[in-house]
Amino acid sequence: MEKAKKWVNENVVVVTLIVLCVLFGIGNPVFFSVKNVINLLSQMCINALMATGLVYVIILGGIDISVGGTAALAGVVSAYAGLMFPNMNSFAAIVILVVSGVAVGVVVGFLNGFMIAYLNVVPMICTLAMLNITRGVAYVITNGQPVYGLPDSYAFLGASRLFKTESMPNGILPVITIFTVIVVVLMHILLSKTVFGRHVYAVGSNKSVAHLSGINVKKVTLSGHIICSVMACLAGVCAASKIQNGQPGACDSYEMYAIASAVMGGTSLVGGSGSIARAMFGVAVIAVIKNGMDLMQISSYWQKVVIGVIILLAVIVDMAQKNKKE
Amino acid sequence: MEPILQVKNISKVFPGVKALTDVSADFYPGEVHTLVGENGAGKSTLIKIISGVYTPTEGRVILEGKEMKFTSPGQAIDAGIAVIHQELSIAKDLTVAENIYLGREPKKGRLLDRKKMNQDAQEILDFMKVNMKATQMAGHLNAAQQQMIEIAKVISKNAKVVVMDEPTSSLSESEIDALFEQVKILKKKNVAIIYITHRLKELTQICERVTVLRDGCKVDTMMVKDVTEQQIVNSMVGREMGDYYNKHEHTRGKEMLRVEGLTRKGVFENISFTAYAGEIVGFSGLVGAGRTEVMEAIFGATHIDSGKIFLEGKEVHFNSPIDAINANVGLVTEDRRRTGLLLQKKIKENISLPSLPKHKSGMGFVDTKWEVDVAEEYMKKLRIKAPNIDTILSTLSGGNQQKVILSKWLVADSKVLILDEPTRGIDVNARSEFYTLMNEFVEAGGCIIMISSEMPEVLGVSDRVIVMRGGKISGELSREEANEQSIMNLASFTSDAE
């Protein structure tokens, strides 16, 4: 009994997830259907990519709230790029999407990271400003209109599914899920198993100690922000691919979900600890809430409130555990 | 005379460990009563019970004849028990005066009476003969100066019982003298002082009574004038212990580190010295003389305006610590909790940190097998007392934390080790072990530069002593020439100084 209690205390987010699944399953049994589960897996992906990037930055002791705008900008840029190649096949489309995403991500991430690490701008302010700038630029270059007219190959990444069968003519396995799993796993390995990842944790734990241990704190911080923005951009291009057009207003408020997922997954806002694997549970919680409430036909206004409340509860419980430990 | 504070039959049990067993002691007004004992002996637990942080599992705390049942530190403070902690709790973004009167600011009606606050604070500082302005920002002061603020705080509170937990560990000789002047004044005011220190020399200077704790039990309470230092040490460790500096004769080897004309405007000027393999060079001087700053600059953590550094005869430029580390130089900083360790991380993660890049496998992956092997090797070699290599650093004692830091640099293949106050806050036994490790290091051909403000340590351990004063090197003494007087002459400002 003691051991079970201890496990529950250390894995609040997992417990929350299970409880929510049960509740929503009772609310509408369709929740557990194969179709819905596949839907869920697909819906989680965009936030999963974004949250993965956020984990790096939060471990470093900073924050990045510009990710929503950055994602939209990447979506729009990739749509324009896609329009230049109307005859591209699915594979080429993926390449174009990823390359545009990475390009935008590197630029924005570099700007964020440089200002934060080298010019000592407070991360909250810097990324808040960048949120406005990226979102603004997206609107400017599109004149507020969606970028449409993209070939179907463009939607392969975001909307297609593999393994079409008779009972599932649309396919079983969403391509976006495969893509997300690959990227997230790679980023997880980078963070948890490489020297760079250790440096990220060290800088987040204690900058002075990291510096005196020979770590280039500024460089690591810059890299972290570039990773975060690139991940946000990959999320953004996936979102654009999903609806087959680039919307300047896409990914609105996604930064909140991404940060909430990371924090629910135990990534401490003071830095130095956290993991991508656990953040994915946070991502799952949010996806389940949204999906479950959709199935129960709860209005989206209420959804916003409910999500906020559940995030607060999960974090408060988590903090209480941490304080008890000390 | 009646004791003002008594602890009777105090026991304290934590899950899995009995920290105190049936400890009783009396504290008299106007007297300094010192608690000595190794780390883990129970001194800090006893203090925390007296100051209301813990409640005793058994036993009573009696203040002025009345039994006290403190359930919070605030209650103890209100009852007149003030504590100066070893870990400074100074608000860096407030001024000295604001720190002294934090929570008790003088008011004019409902508004803060800043003028009175600054005046009163300055009075206390002047009284303490500390060269500090009440309006300075506390964050700009160094550790020693911040501790002066803590002492000023307590003086301003007019407490009945003052607990001082290793107050001198960051102080220079002259500041310690100033502190002892304050202690004498407090004694005249009939304040009972409970003093904790590892520096046994201080016992004869300032205290009347000493209680020795060992493994949570009281071994004895003695009057200082009736016992020798050796007797106290023996009580603390429970056996006969010889001269714990373990000094051996070393043969000096080749030139390892040479600095010429190192200057940083306003901090240090024209620093030149040479350190050789096989020797421990002691760096003495008053706090604020610039020793730490010189070493941080040599290590590449801060910049220099001019000057040259030579490693094993070849000129080097350390633009950042990574350069120094790659050149096999290590720095053990003066504040291990703030700048020495990742407190929330495991032993093995701390030990491997500077050496990770040198032990990469494949595409930048951490060599986890190497990390485990090397951590276990050094835990054994340095006799680090901890459950295993995955233990979190914050749970270790000061002495063991320091050993982890030393392991870190040994694993990084350091040939030159700069130690800044390496045994601060560490008990007798652990210190002795540390000195042995230092000797082993130099006997194997390493070179140690040790900054220390503790005279007996400098005299006991160094092969020669370099003294700094006001940012410059004022002199060098051989082991034979070095004694308290000669060092103090070089360290202090006198009328013949420049």
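It should be emphasised that the depicted structure is a prediction, and the values quoted were computed from it without experimental measurement.

A. Highlighting the pairing of strand S9 (residues 161-165) of chain B. Residue and element names in this part refer to chain B. Buried residues dominate S9, accounting for five of its five residues. The alternating pattern of S9 places Val161, Val163 and Asp165 on one face and Val162 and Met164 on the opposite face, and all of these are buried. Two strands pair when backbone bridges link them, and strand S6 (residues 81-84) and S9 are joined in this way by four bridges, in the parallel orientation. When the sheet's bridge partners are listed, Ile81 is paired in S9 with Val161. Summarising the sheet, S9 and strand S10 (residues 192-196) pair through five bridges and their orientation is parallel. By the bridge assignment, Val162 is partnered in S10 with Ile193.

B. Quick look at the environment of Val465 of chain B. Residue and element names in this part refer to chain B. Inspection of the secondary structure assignment puts Val465 in strand S23 (residues 464-469). The class of Val465 is buried, set by 27 C-beta atoms lying within 10 Å. Val465 sits 14 residues away from Arg479 along the chain, and the two C-alpha atoms are 7.1 Å apart. If sequence neighbours within four positions are ignored, Val465 has contacts with Gly282, Ser284, Val458, Glu476, Leu477, Ala482 and Ile487.

C. Geometry of the interface of chain B and chain A. With 21 residues of chain B in contact, the opposing surface of chain A contributes 17 residues. For the side of chain B that touches chain A, the secondary structure elements donating two or more residues are helix H10 (321-326), helix H11 (336-340) and strand S20 (365-366) of chain B. Taken together, the residues of the side of chain B that touches chain A break down into 13 nonpolar, five polar and three charged.

D. Fine view of the sheet that holds strand S2 (residues 17-27) of chain B. Residue and element names in this part refer to chain B. The strand order S2-S1-S4-S5 describes an open sheet built from four strands, whose pairing is antiparallel. The open sheet has two edge strands with one neighbour each: S2 and strand S5 (66-68). This sheet shows a mean twist of 30° between the axes of neighbouring strands, independent of strand direction. Both strand S1 (residues 5-14) and S2 contribute to a ladder of seven bridges, which runs antiparallel.

E. View of the pairing of strand S24 (residues 472-478) of chain B. All names here are of chain B. In this structure, S23 lies alongside S24, joined through six bridges in antiparallel fashion. What sits directly across from Arg469, in S24, is Lys472. The antiparallel hairpin formed by S23 and S24 contains two residues in its connecting segment, where Gly470 sits at a positive phi of about 55°.

F. Inspection of helix H17 (residues 484-491) of chain B at higher detail. Residues and elements named next belong to chain B. Buried within H17 we find Ile487, Leu490 and Ala491. Looking down the long axis of H17, one finds its buried residues gathered within 100° of arc, a one-sided arrangement. On its buried side, H17 packs onto strand S15 (280-285), helix H16 (455-461), S23 and S24.

G. Structural detail: the domain arrangement of chain B. All names here are of chain B. By the assigned domains, chain B splits into domain 1 (5-237) and domain 2 (255-491). The gap between the C-alpha centroids of domain 1 and domain 2 is 30 Å. Looking at the side of domain 1 that touches domain 2, the elements that each hand over two or more residues are helix H5 (143-157), helix H6 (173-188) and helix H8 (229-237).

H. Inspection of the packing of helix H9 (residues 195-205) of chain A against helix H11 (residues 217-243) of chain A at higher detail. Residues and elements named next belong to chain A. It is the contact of H9 with H11, at a shortest axis distance of 10 Å, that shows an interaxial angle of 110°. It follows that H9 is roughly perpendicular to H11 by the angle criterion. In this structure, H9 contributes His199, Val200 and Val203 to the contact, and H11 contributes Val217, Val220, Thr221 and Gly224. Within the contact of H9 with H11, the residues separate by chemical class into four nonpolar, three polar and no charged.

I. Spotlight on H5 of chain B. Residue and element names in this part refer to chain B. Under the 1.5 Å per step criterion, the end-to-end length of H5 is 22 Å for 15 residues, consistent within 8% with the ideal 21 Å. Most of H5 is tucked away, with 11 of its 15 residues classed as buried. All buried positions along H5 are accounted for by Ala144, Gln145, Gln147, Met148, Ile149, Glu150, Ile151, Ala152, Lys153, Val154 and Ile155. Elements in contact with the buried residues of H5: S6, helix H3 (96-100), helix H4 (114-127), S9 and H6. Positive phi shows up at Asn158, right after H5, with a value of about 50°.

J. Region of the structure containing the sheet that holds strand S14 (residues 268-276) of chain B. Residues and elements named next belong to chain B. With antiparallel pairing, four strands are arranged side by side in an open sheet as S14-S13-S16-S17. The sheet is open, and its two borders are formed by S14 and strand S17 (314-316), each paired with just one other strand. For this sheet, the mean inter-axis angle between neighbouring strands, taken without regard to orientation, is 20°. Here strand S16 (residues 306-311) runs beside S17; their pairing, made up of three bridges, is antiparallel.

K. Structural detail: the packing of helix H5 (residues 90-118) of chain A against helix H6 (residues 123-142) of chain A. Residues and elements named next belong to chain A. Here H5 crosses H6 at 155°, and the two axes come no closer than 10 Å. One finds that H5 runs roughly antiparallel with respect to H6. Where H5 crosses over H6, the two elements pack in a sense that is right-handed. On H6, the residues that touch Val108, Leu111, Asn112, Met115 and Ile116 of H5 are Pro123, Cys126, Thr127, Met130 and Thr134. Taken together, the residues of the contact of H5 with H6 break down into seven nonpolar, three polar and no charged.

L. Fine view of unusual backbone geometry. Residue and element names in this part refer to chain A. Phi is positive for Asn143, close to 60°, though the residue is something other than glycine. As for its placement among the helices and strands, Asn143 is situated in the loop between H6 and helix H7 (156-159). For Cys251, which is not a glycine, the phi torsion comes out positive at approximately 55°. By the element assignment, Cys251 lies in the loop between H11 and helix H12 (254-264).

The rules behind the values
- Within each chain, residue numbers correspond to sequence positions counted from 1 in written order.
- All chains are assigned letters beginning at A, and all ligands numbers beginning at 1, according to the order in which they are written.
- Per-residue local features are limited, in this predicted model, to residues with pLDDT of at least 70; the limit for side-chain atom pairs, both in listing and counting, is 80 or more; totals at the level of whole chains, interfaces and linings are taken over all residues.
- Remark: C-beta atoms are placed from the backbone, and a residue is labelled buried if 20 or more other C-beta atoms sit within 10 Å of its own, exposed if 12 or fewer do, or partly exposed between those counts.
- Under the DSSP-based scheme used, a helix requires at least four consecutive residues in state H or I and a strand at least two consecutive residues in state E, with every element numbered from the N terminus.
- A pair of strands is treated as paired once DSSP finds two or more bridges between them.
- Contact definition: two residues whose C-beta atoms, as placed from backbone geometry, lie within 7 Å.
- Under the grouping applied here, Gly and all other residues not named as nonpolar or charged are polar, the nonpolar ones being Ala, Val, Leu, Ile, Met, Phe, Trp, Tyr, Cys and Pro and the charged ones Asp, Glu, Lys and Arg.
- The axes used here are C-alpha line fits, helices contributing only the stretch in contact, and every angle between their N-to-C directions lies in the interval 0 to 180 degrees.
- Taken from the helix axis, the directions to the C-beta atoms give the arc we talk about.
- The domain limits used here are those given by an automatic or database domain assignment.
- Angles below 35 degrees are treated as roughly parallel, those above 145 as roughly antiparallel, those between 65 and 115 as roughly perpendicular, and all remaining angles as oblique.
- A helix's residues, less one, multiplied by 1.5 Å, set its expected span.
- The hand of a helix crossing depends on one turn: near helix anticlockwise from the far one by less than a right angle means left-handed, and clockwise means right-handed.

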